[in-house]
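A look at the structure
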Amino acid sequence: MEAVKAGILGATGAVGQRFVEALANHPWFELTSLAASERSAGKTYKKAADWRLDSPLPESVADLEVVPVDPEKVDADVVFSALPADLALGVEPAFAKAGFAVASNASAYRMEKDIPLVIPEVNPDHLGLLEVQQDSRGWDGYIITNPNCSTIVMTSTLKPLMQFGLESVQVATMQAISGAGFRGVSGMEIYDNVIPYIGNEEQKMEAEPLKLLGEFDGAEITPANIKVSASCHRVPVIDGHTEAIWADMRDAPTPEEVREAFQNFDPKLGKLPSEPEKVLIVRDEDNRPQPRLDRNMGKGMSISVGRIREGIRYIAMGHNTIRGAAGASVLNAELLHSIGKL
Ligand SMILES: NC(=O)c1ccc[n+]([C@@H]2O[C@H](COP(=O)([O-])OP(=O)(O)OC[C@H]3O[C@@H](n4cnc5c(N)ncnc54)[C@H](OP(=O)(O)O)[C@@H]3O)[C@@H](O)[C@H]2O)c1
């Protein structure tokens, strides 16, 4: 099988580096272009990127020259976007128009009617929107998006609760610093502190799950009839978003029934390279999940849940720059490749 040529837009940032880590030795994709701002363009990747991951910078990309974020300068079939949302607004359609498949992390197009917002284990059928999108926009390429990092953790746990008649959800998040990007939060701000506000995060958490859990009828998505109320907070953790969730359900399941629903949630995607063995890992200890101990489960692609109590109340935790960002986009692209759409 010939490798699919892959580029990264915003390759030097917090999510961009996770993309490099995920794609440098990928069995299906070959990294051919790394793009970033004019500050970085023209430099080798090792000079442009201030590499901050525990894994070493992959040798295969160290000497690649960073190019500007321009469809004319990028050589790829699929581009993974880790651009700031305001920039993505203009750049992503330009790439889709030029024939690229764009797998985006940015929020710019997530809620557009004809653009799929997908978690492969939750709503793979929404990929059908790609045809609607290409027909309506006349693009040779397309845009597919993955949700906000907190949304993806929560919504992956809500999917198995839909069978109980999920009606409303309240969530309080404790979000890692890496979620704000490399220039997002200063040490002086976050050390010995909790910041009780993350711009636009609550709106995203309240809107995106309704689209993700909605019904696709072949033409459009009817949002799920659920009410989500979110309060989002930044805490001094490097990676891993933790969420306290309260879920009200018509059938009032017991904690044991909810535990079983999480345990049995096992959507098989067909052995995609980034697919974890278990999407949800149930922890029965009173003091789990914890970001430092559990964020790398399933190579960062599993979500850990625990403290399931009457109410129903529970804790969910997932790696925000892997399952919540780069890993999510790569899994979307793998799913597209597996069904011949890439
Ligand atoms: N961090 C997370 O957990 C997370 C999770 C889900 C989604 N997201 C979303 O993913 C996107 C990237 O987030 P991040 O945390 O990786 O941000 P970041 O660390 O600030 O990185 C931003 C990237 O965009 C590039 N860039 C900035 N301005 C540019 C310009 N004018 N032209 C071209 N490239 C430009 C930067 O290149 P230079 O290095 O050259 O400046 C860098 O590669 C955002 O939309 C964010 O909301 C982030």
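Reading the values: the criteria
- Residues numbered from 1 in each chain as written.
- Predicted model: local features only at pLDDT ≥ 70, side-chain atom pairs only at ≥ 80, totals over all residues.
- Core = buried A, V, L, I, M, F, W, Y, C linked by C-beta atoms within 7 Å.
- Buried ≥ 20, exposed ≤ 12 C-beta atoms within 10 Å, placed from the backbone.
- Helix = DSSP H or I, 4+ residues; strand = E, 2+ residues; numbered from the N terminus.
- Domains from an automatic or database assignment.
- Contact = placed C-beta atoms within 7 Å.
- Nonpolar A, V, L, I, M, F, W, Y, C, P; charged D, E, K, R; others polar.
- Near = placed C-beta within 6 Å.

1. Side note on the nonpolar core
Counting 95 residues, the largest nonpolar core has Ile8, Phe19, Ala35, Val78, Val79, Val102 and Ala316 as its most contacted members. With nine residues, the top contributor of residues to this core is helix α11 (residues 322–338). Here this core gathers at least three residues from each of two domains, domain 1 (4–148 + 325–338) and domain 2 (149–319). In this structure Ile8 touches Gly16, Phe19, Val20, Leu34, Ala35, Phe80 and Ala82, once residues within four positions along its chain are discounted.

2. Section: the domain arrangement of the protein
Under the domain assignment used here, the protein contains domain 1 (4–148 + 325–338) and domain 2 (149–319). Between the C-alpha centres of domain 1 and domain 2 the distance comes to 23 Å. Contacts between domain 1 and domain 2 engage 32 residues on the former and 31 residues on the latter. Residues of the side of domain 1 that touches domain 2, tallied by class, amount to 17 nonpolar, 10 polar and five charged.

3. Quick word on the site of the ligand
Neighbouring the ligand are 31 residues; Gly10, Gly13, Ser37, Ser40 and Gly181 lie closest to it. Those elements that place two or more of their residues in the shell around the ligand are α1 (14–23), α4 (85–97) and α11. Counting residues per element, the shell around the ligand draws most heavily on α1, at three residues. Residue composition of the shell around the ligand, grouped by class: 14 nonpolar, 15 polar and two charged.

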